[in-house]
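Here is how the chains run, residue by residue.
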Amino acid sequence: QVQLIESGGGLVQAGGSLRRSCAASGRSINTYAFGWFRQTPGKEREFVATISWNGDSTLCGDSVKGRFTISRDNAKNTMYLQMNSLKPEGAAVYYCAASRYLSGSRVYKQYDYWGQGTQVTVSS
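These figures come from a predicted structure and were not determined experimentally. Per chain, the residues get numbers from 1 upward, laid out in the order the sequence is written. The predicted nature of this model means local features are confined to residues of pLDDT at least 70 and side-chain atom pairs, given and counted, to a pLDDT of 80 or more, with totals for whole chains, interfaces and linings taken over all residues. Hydrogens and water are ignored here; the side-chain numbers use all heavy atoms of the structure.

For this particular structure, what's the right way to read the overall build of the protein?
Per the convention used, a helix needs a DSSP run of H or I reaching at least four residues, while a strand needs a run of E reaching at least two, with both numbered from the N terminus. Looking only at helices and strands, the protein features 0 helices and 11 strands. Traced from its N-terminal end to its C-terminal end, the protein shows the element sequence β-β-β-β-β-β-β-β-β-β-β. Radius of gyration here is computed from C-alpha atoms only, and the compact-globule reference equals 2.2 Å multiplied by the residue count raised to the power 0.38. A compact globule built from 124 residues would reach a C-alpha radius of gyration of about 14 Å, and the protein, at 13 Å, matches this within 12%. Each principal axis of the C-alpha atoms in the protein carries an extent, and together these give about 40 × 30 × 25 Å. For every residue, the accessible area (1.4 Å probe, protein chains only) is compared with the maximum for its type, and the residue is labelled buried under 20%, exposed over 50%, or partly exposed between those bounds. Every one of the 124 residues in the protein was classed for burial, and the buried ones make up 44%. Any two residues whose heavy atoms approach within 4.5 Å are treated as being in contact. Across the protein, every contact between residues at least 6 apart in sequence was considered, and the portion connecting residues at least 24 apart equals 58%. Carbon and sulfur atoms make up 47% of the accessible area of the protein, which amounts to about 6,200 Å² in all. Neither His nor the chain ends is counted toward charge; the positive residues are Lys and Arg and the negative residues Asp and Glu. Note that the charge is assigned to NZ on lysines, CZ on arginines, CG on aspartates and CD on glutamates. Seen as two clouds, the 14 positive and the 8 negative side-chain charges of the protein have centres 2 Å apart. Throughout, the Shrake-Rupley method with a 1.4 Å probe supplies accessible areas, and for residues the shown protein chains are the sole cover considered.

As structure tokens, this is what we get:
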């Protein structure tokens, strides 16, 4: 079992930055890849970014590429999402998740554990 606790959401102006954190506890997190997804009402969960179990491989979705960066610190059992140049359409509930697909995945059904989700609001 893995528990994921998110922090760092909130309100930001368009063009601003936020840093999301996802702290993991439970079984060794070094055996999991991580990902970030976001969701708005009435829409499917959208892939944001994923990182492999050792941090060597990362992938971002097309809508955030070049603006968002995913990273992890296995010594601290924590994963991060740095969000820069935020746009109003980026407002959503953001979720972190852990997957046994060690190279990471952009498919939300391939994730086994999820954080509680945190609202990010972007004002224009």
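Whenever I open this one, the pairing of strand β8 (residues 78–83) confuses me. Can you help?
Regular strands place their side chains on alternate faces of the sheet. Across the 6 residues that make up β8, a large majority, 5, are buried. Following DSSP output, two strands are said to pair if at least two bridges run between them. The pairing of strand β3 (residues 18–26) with β8 spans 6 bridges and is antiparallel. Bridge pairing in β8 links Leu-18 to Met-83. One ladder, built from 6 bridges, connects strand β7 (residues 68–73) with β8; its direction is antiparallel. Looking across to β8, one finds that Ser-71 is bridged to Tyr-80. If you look at the hairpin formed by β7 and β8, you'll find 4 residues sitting between the two strands, and Asn-77 has a positive phi there, around 55 degrees.

Would you explain the pattern of salt bridges in this entry?
Each reported salt bridge corresponds to a side-chain nitrogen of Lys or Arg within 4 Å of a carboxyl oxygen of Asp or Glu. On inspection of all chains with the given rule, the structure shows 4 salt bridges. In this structure, Glu-6 engages Arg-20 in a salt bridge whose closest nitrogen and oxygen atoms are separated by 3.0 Å. Here the residue Glu-6 occupies a position in strand β1 (residues 2–7), and Arg-20 occupies one in strand β3, the gap between them amounting to 14 residues. Here Glu-6 matches Arg-20 in class, with each residue buried.

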